[in-house]
Structures are given as C-alpha cells and as structure tokens.
Amino acid sequence: MGGALDVNEFVAGYLVEVEEHLSASTANLLAAEAALRGGESSPKAIRELFRALHTIKGLSAMVGVEPIVDLAHAMETVLRAADRAAGSLSAASIEVLLRGLRSIEERARALAEGKPVLPAAPELLAALNALDLAAAPSPPVPIIGADPEILAKLGPGERVQLAQGVAGGRRALRVDFVPSPARTAEGVNITTVRERVGKLAEIVKVIPLSVPASEGAPGGIAFALLVLTSATDEEVARAAAADGVRALTVEPPVPAAVAALAEREPDEPADREPQLRGVVRVEVARLDDALDKLSALVVTRFRLARAAAELRARGVDTRDLSEILREHDRTLRDLRGAIMRARMISVTELLERVPLVVRGLGRATGKQVRLEIDAGKAELDKAVAERVFPAIVHLLRNAVDHAIEPPAERRRLGKPEEGVVRVSCFERSSNQLELSVADDGRGIDRALVARRAGRPAPESDAALLDLITLPGLSTLDQATKTSGRGLGMDIVRRIAVEQLSGELSVSTSPRAGTTFTLRIPLTLTIVDAFSFLCGDQLFVTPVAGVEEVVEIDAARIIRGPAPGEARGGTMLPAPGEARGGTKLPAPGEARGGTMLIERRGEVVPLVDLGALFELGASPARRALVVRRHGAPFAFGVTRVIGQQEVVVRPLEDPLVRVPGVSGSTDLGDGRPTLVLDLVTLSGRLSAGRGGRGALARVAS
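Scoring rules and cut-offs
Residues numbered from 1 in each chain as written. Predicted model: local features only at pLDDT ≥ 70, side-chain atom pairs only at ≥ 80, totals over all residues. Heavy atoms only, no water. Helix = DSSP H or I, 4+ residues; strand = E, 2+ residues; numbered from the N terminus. Buried < 20%, exposed > 50% of the residue type's maximum accessible area, 1.4 Å probe, protein only. Contact = heavy atoms within 4.5 Å. Areas by Shrake-Rupley, 256 points an atom, 1.4 Å probe, with all protein chains shown as cover. Axes fitted to C-alpha atoms, helices over the stretch in contact; angles between N-to-C directions. Left-handed = near helix turned anticlockwise from the far one by under 90°. Nonpolar A, V, L, I, M, F, W, Y, C, P; charged D, E, K, R; others polar. Pairing = 2+ DSSP bridges. Expected span 1.5 Å × (residues − 1). Core = buried A, V, L, I, M, F, W, Y, C linked by side-chain atoms within 4.5 Å. Phe/Tyr/Trp six-rings, centres within 6.5 Å; stacked < 30°, edge-to-face > 60°. Lys NZ or Arg CZ within 6 Å of the ring centre and 35° of its normal. Arc of directions from axis to C-beta. Salt bridge = Lys/Arg side-chain N within 4 Å of Asp/Glu carboxyl O. Polar contact = N/O pair within 3.5 Å; in protein donor to acceptor, adjacent residues only side chain to side chain. pLDDT = per-residue confidence, 0-100.

## Structural notes on the overall build of the chain
So, step 1. Looking only at helices and strands, the chain has 23 helices and 26 strands in total.
So, step 2. Counting over 700 residues, the chain shows a buried share of 45%.
So, step 3. Nonlocal contacts in the chain, meaning residues at least 24 apart in sequence, comprise 70% of its contacts between residues at least 6 apart.
So, step 4. About 34,800 Å² of surface is accessible on the chain, with carbon and sulfur atoms providing 53% of the total.

## Points about unusual backbone geometry
So, step 1. You will see that alanine 241, though not glycine, has its phi angle at about 55°, which is positive.
So, step 2. Relative to the elements of secondary structure, alanine 241 occurs in the loop between helix H10 (233-239) and strand S5 (245-247).
So, step 3. Despite not being glycine, arginine 511 has its phi angle at roughly 65°, a positive value.
So, step 4. Structurally, the position occupied by arginine 511 is in the loop between strand S12 (503-509) and strand S13 (513-521).

## Quick word on the packing of helix H16 (residues 382-403) against helix H20 (residues 488-499)
So, step 1. Here H16 crosses H20 at 150°, and the two axes come no closer than 9 Å. In terms of crossing hand, the pair formed by H16 and H20 is left-handed. Across from Arg387, Val388, Pro390, Ala391, His394, Leu395 and Asn398 in H16, the residues of H20 making contact are Gly488, Met489, Ile491, Val492, Ile495 and Gln499.
So, step 2. Across the contact of H16 with H20, the residue classes tally to 8 nonpolar, 4 polar and 1 charged.

## Thoughts on the sheet that holds strand S2 (residues 171-177)
So, step 1. Strand order in the open sheet formed by 4 strands is S3-S4-S2-S5, with antiparallel pairing between adjacent strands. In this open sheet, the two strands that pair with only one neighbour each are strand S3 (201-210) and S5. Sheet twist, expressed as the average angle between the axes of neighbouring strands with direction ignored, equals 25°.
So, step 2. When S3 meets strand S4 (residues 221-229), the two strands line up antiparallel, connected through 9 bridges. Each residue of the ladder has a partner; that of isoleucine 207, found in S4, is alanine 224.

## So, the sheet that holds strand S14 (residues 526-534)
So, step 1. With respect to topology, 5 strands assemble into an open sheet ordered S24-S14-S15-S26-S25, the strand pairing being mixed. Every other strand in the sheet has two partners, leaving strand S24 (639-647) and strand S25 (661-666) as the edge strands with one partner each. Across the sheet, the mean angle from the axis of one strand to that of its neighbour is 35°, orientation sign disregarded.
So, step 2. Relative to strand S15 (residues 537-542), S14 runs antiparallel, the two sharing 6 bridges. Within S15, the position partnered with leucine 533 by the bridge is leucine 538.
So, step 3. Relative to the sheet, helix H12 (residues 284-313) contacts S14, S24 and S25, its axis offset from that of S24 by approximately 150°.

## A word on helix H4 (residues 91-112)
So, step 1. Here H4 contains 22 residues, and its C-alpha end-to-end distance of 32 Å stays within 8% of the 32 Å for a straight helix at 1.5 Å per residue.
So, step 2. Listed in full, the buried residues belonging to H4 are Ser93, Ile94, Val96, Leu97, Leu98, Gly100, Leu101, Ser103, Ile104, Arg107, Ala108 and Ala110.
So, step 3. Just past H4, the residue glycine 114 takes up positive phi, approximately 75°.

## Let's talk about the nonpolar core
Here is a general trend for soluble globular proteins: nonpolar side chains tend to be buried in one another's company.
So, step 1. Ranked by internal contacts, the top residues of the largest apolar core, which has 49 residues, are Leu380 and Leu396.
So, step 2. Beyond its immediate sequence surroundings of up to four residues, leucine 396 is in contact with Val354, Val357, Val358, Leu361, Val421, Val423 and Val437.
So, step 3. Counting 35 residues, the second-largest nonpolar core is a separate cluster that includes Tyr14, Leu36, Leu53 and Val63.

## What to know about the packing of aromatic side chains
So, step 1. Applying the stated criterion to the full structure yields 3 aromatic pairs.
So, step 2. Ring plane angle 45° and centroid distance 5.3 Å describe the contact between phenylalanine 539 and phenylalanine 613, whose orientation is recorded as tilted. Linking phenylalanine 539 in strand S15 with phenylalanine 613 in the loop between helix H21 (609-612) and strand S22 (622-628), this pair joins segments that are 74 residues apart in sequence. Comparing phenylalanine 539 with phenylalanine 613 shows no difference in burial state: the two are buried.
So, step 3. Put simply, the rings of Phe532, Phe539 and Phe613 pair up and form one aromatic cluster.
So, step 4. A cation over an aromatic ring shows up here: arginine 353 above the ring of phenylalanine 389, its NZ or CZ 4.1 Å from the ring centre.

## Structural notes on helix H15 (residues 354-365)
So, step 1. Helix length check: H15, at 12 residues, gives a terminal C-alpha distance of 17 Å against a target of 16 Å (1.5 Å per residue), a fit within 8%.
So, step 2. If you check which residues of H15 are buried, you get Val354, Val358, Arg359, Leu361 and Gly362. Down the axis of H15, the smallest arc covering the buried residues is 165°, so these residues share one side. In H15, those exposed residues whose orientation departs by more than 90 degrees from the buried face are Arg363 and Ala364.
So, step 3. Where H15 terminates, the next one or two residues include glycine 366, which has phi positive at roughly 75°.

## Let's talk about the pattern of salt bridges
So, step 1. The full count for this structure, using the stated rule, is 40 salt bridges.
So, step 2. When salt bridges that share partners are traced, they join Arg301, Asp329, Arg333, Asp528 and Glu645 into one network.

## Comments concerning the packing of H4 against helix H5 (residues 122-129)
So, step 1. Taken N-terminus to C-terminus, the directions of H4 and H5 make an angle of 140°; their axes are 10 Å apart at the nearest point. Crossing of H4 over H5 shows left-handed handedness. Counted together, Val96, Leu97, Arg99, Gly100 and Ser103 of H4 and Leu124, Ala127 and Leu128 of H5 form the full contact between these two elements.
So, step 2. Taken together, the residues that form the contact of H4 with H5 break down as 5 nonpolar, 2 polar and 1 charged.

## So, the side chain of threonine 229
So, step 1. Positionally, threonine 229 belongs in strand S4.
So, step 2. In terms of polar contacts, threonine 229 uses its side chain to reach the backbone amide nitrogen of alanine 231, at 2.9 Å.

## Side note on the pairing of S2
So, step 1. In terms of burial, S2 is largely enclosed, as 5 of its 7 residues are buried.
So, step 2. Where S2 and S4 come together, 7 bridges link them in antiparallel fashion. Directly across from aspartate 176, in S4, lies its bridge partner alanine 224.

## What about the environment of leucine 79?
So, step 1. Within the fold, leucine 79 resides in helix H3 (residues 66-84).
So, step 2. Note: C-alpha distance between leucine 79 and phenylalanine 50 (29 residues apart in sequence) is 6.0 Å.
So, step 3. Sequence-distant contacts of leucine 79, defined by excluding residues within four places in its chain, comprise Ile46, Leu49, Phe50, Leu53, Leu89 and Leu97.

## Overview of the confidence of the model for the chain
So, step 1. Model confidence for the chain is summarised by a mean pLDDT of 77, while 81% of its residues fall at 70 or above.
So, step 2. No element of the chain has a lower mean pLDDT than strand S19 (residues 570-571), at 38, and none a higher one than helix H17 (residues 407-412), at 91.
So, step 3. Here residues 253-277 is a poorly scored stretch, pLDDT under 50, and it has 44 contacts once near neighbours within four places are set aside; other chains count.

Quick look at the structure:
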C-alpha cells in the first residue's frame, strides 16, 4: 500500500466529534460554576470535562490541528490540578476555561469553513498556565472503607463523588468481575459489563487488579467496579456477572453542601443506552436528498391516483389497482415517518447552547439570572431547529435585558435578587411544537410601548404583540450590546409566523413577568393538509392549523357592522373578542360589514375565501375554523375535498410572496396549488390588513 495518508477525509468526522465534546464540555463547566456558587465541589463534572478535552486533543493531533492541541493541553493541566483538589475550581479558572472552549470552537469553525486555523493566543495560554488553584475551596476528603489496594488508586475527586452519592441516598458498592475464556465465549467481557452495570448505576471508577491465577481467574486479572446505585445487590450482581457485591462505607458524614450537590446528580436512567452505541452519523445533505426523493414519490402517488380515477371513469375494472394503491399509500406513509424520524433532533440538543447565552447576558447586564429548561422528550426537524434558534436567542435577550430587574430593584420590590428565565416546550400534537420563554421580571409597560409607537395603549395581549413586533420599536433610550435597536421582536415574528408558518403570542402582567409562546410545525417539507375548493380554484392548508371543519347554515349567518362600528349604542366586538353568553342579533337583523356565525356559544367571524380572492360567487358551504391568540376565526369554502400528504415548496419570488400564502404544492396534475396559512391570514384580516388585491392576484 503506497502513498501518504490523506487526513482530509477524516476532517468531517473530526468536526462532528469536536462539536459533541465541546457541547458536553460547556455543560460540565457551567455545572462546575453552579456548584462553586453554592460553595460546593463538582468532581464528576471536572473529570468529564477533562476526558472530553483529552479526546479533543487526541483527535486534533491526529488531523494535525496543532492550535487546538495546544489549547486543550493547557486546559487539561488546569483540570488535572482541579481533580487532585477534589473537583474544586476557582471563579477565575472557570472564566479562563470558558475562553479556552470558545477559542477551540472558533478554530474548529475556521477549519470547517476552509479558513486558516490561527495559532492559540499567547495571552490565553499564559492565563491558563498562570491560574492559581490554591484559592479554590477544597471540601474535606471523606474516608472510604475499602481494601488498601483500592484506596491507593482512588483520587480525592473520586472519594468526594462517592460521598456525594451516599449523601444523596444511594449506596456505594464494589462489584468484582473476573474475566475467563468461558465468559468471553458467551460475549461477557469488561466492556459489556460496564454497559450493563451503567444502566443500573453510576460507575465512579473501574480498577484492574492482579489476583492469583486459578481456575476461576485463569488470566490472573480481575476488575473492581466502584459504583453508586439505588438498585438491589442482586440486580447489580446479575448485570456484572458477579457472584456478589460488597458495600463501601463513607466516613465521616458528608457536609450538607455536598449532599445538596448529590441531589442534582441523580442516577442515569435505567433505559439509557451508551451515547455512541448503535449511532450512525449522516450528513444532513444526505437526509435532504432522501427527503427530496420522497417528495417526488408523493407527487407520483397523486398522479397514480388521478390516472386510476380516469380509468374507473371509462368503465375499467381497477379493483386490483386500487388495492395496490392503498398498500402503496401505507408504505409511503411509513417511509415518510422513517425519514422524518431520522431528521429529528431532540429539543434538549437544540437548547444545549442556551445556558451559555444566558450566562453571557447576565454578565453583560450585571443581573443575576437563573435559567430553567424543561424540554421533555420533544423533537423537531433539524431544518426547523436551525431556523427557530435565533428567535429563541432574541427572546432570551429580551427577557434578561428588558424584563429582569437589577438586583437592587428586585430587593426593593420584595423579589429574590436572582431573576428566573424558564424555557419550556412540548409537542401539542403529532405535528406541532409549543415553545415558551417566560421570566419573572417587571412585565411589559403598555403605556410606554404605546408612547414609543405613537399609538393608543393596547388593551389586549394580542394588540400589545402587534406593537412590540413593529420594526424599529424599542423601549430603551440607547442601544446596548445586547438589545435596543428595535429589531429583535420583529425578527422573532418573522421567523415564527412568516418563515415557519407558526404562531407567536404574549402574556404579561405588571411586576409578575412575561411569557412569549411560539407554536411551530415540527417539519416544513411534507405535511398533512386539507384540500378544498373556493369556486373552481383548488387550495390546501396544513391540518395542524385547522381546529375544526363545520357546516355553514346560510340562514343563520349574521351580517353585522365592521369591527368597532356602533350599532344601536353598542360596540360590536372585534373578531374573536366575543365569547359565550353574548346575545346575538337574529339572522339577517344587521346588514353589511362582518359576517358572524355562532359556534357552541362563541361568536366567530366568518370570511368567504372565494369572495376574498375574487374567485366568483359560489356560496360557501363549509368553514375551516382556526384559532389565533385564543380567538376563533372561520373561513368559508365551497367544498372540502379531503386530507392528504402534500409536498410544500416555498414561494421564493418576492413579487408573489404575500402573508397568508406559505408555499405551493403539486397534487399530481402538473399545476401549482397554493398552500394557505389561514392563521396568518386571519391575523391580517383582524388587523384590517387583508391585502385583498395581492391575495387575488396570487390566487389567480
């Protein structure tokens, strides 16, 4: 085999590995900082951080990225000293280590973009080499009751980790595994034992031991696994293929601060698999290509169904063909589900960078902020995740810079000095995600926003949202590094509503806080949609945006005055404002203006889409009911054809891109069919910005 090894072929895999280890390193370093603020140590986080940086250094040396090797090596030295100090780091150490992680990330990004990788900054290397760890608080090292050969190989950090686990209510155990040819033949070795025990316990250390060669230990070697667990001895022994386990004692009692830290480090879930087992890394471009092929199959399915319908119309027996088409539909839907699952990422992964963002904002503004994240098991398409993350960052900036009060003001108001920002999300349905960013700050000053906008003070949260998302509007007199230019909320609205065809809402209370909520689709390319006719024109709209399809009784349509127009001394509420208990005029009593229908005690504005798009005078027989900011809105259509999967293609031409039209699709006849975003359209109509002319031009 001749020729030199070309490391360029390993660069793509190297960058993925480095990104994963950097993400884990940041999380562990922030955990160490949180422990330091509570006067505690964090041996587990320090060791995990050390291992991640050691891996980064080895990978970087393999592909010849020496600047990253230098940085990782200098950071390793700091962390090795911290591990010997039982997992203690000083505040100065954490700050410099964070700079080191950012520096590694910058150089990895430069390598990915094909740019020169700059040498490590001499001042940063000097700062890492000069760190004084002596000032870091070191917790008392507990005494572990174990054999001398075990104690000789236990560092202070590992002793503290065992003590933390015992203080948190778990048991410290020693589990011995003795390899043998018989066990190896059965597929039982130290690697499989670690995996199985790792599902039941937190493995603190695996110590190889020399033992006398015997029939039970023919190789003269054994392994002692020191673990923390809440499982029974029998379960742990069975997982380790061991005859039994021995308890480890911890003396003296662990300080309360150590116990508090242990509570924040629970056992690994029993069903959690090792991180890299069974994982295949695939470039997103390959998944995009698979989705494009699937999209072509969906369009072909429409063409097949149309051809079969034409054959039936000619009197051809298509029963066998219809059965094949039904089976094809089921297979195609399963294939779609498989490809979409491959494209999904967990929301937890999306939010990994959020703690670092909030930390930087808190330091820049001089405010104390605690971040809480509740992501559950929600997932969304990677393409959607990449689009929505900038919106999350803008909402976090808004919360920290505008909403959370300075510590002195919070003390005066009787609040804790530390403000709270909470990011939570969950799946509202099989195809929609709800994500909220909430704070316990001062709330939004409606009067101030109105003065800045030169508008009347908004009475509802929906009207307030319309004001704060105006381009260029800011409540700050002077722009700062984090906000104040009046672009953030406008960007959030554009991402959530226009780019993702979702919904944005706000809820705020004076001195109690503000919550911004985004409801976005889990995926954008292939969606379930209703197809319907307005006159002779075919349209589709995503199922996720439709709350209900109802029959329209023409005799019960109420034609009232325009929103806000007086009628007999009474103001007609704006669309969606009326609720159950409102007395409706008799059908036909009022004339002109808004059409209304009653739906289970609610007054619902009704707009005839055919009339709005100037498609003729065909009467609307069905209505698609959507809900915006909690208020219902109905769109009258001539006929609802059915529900089907469609491939959405965005409208790229700015001349035909209008609010309310999210893209186009092909239903198999070769003609583009518009995909309507009825939630956005209802918002435009409620605000009196229907854009009838533009909509009519696009529809035609």
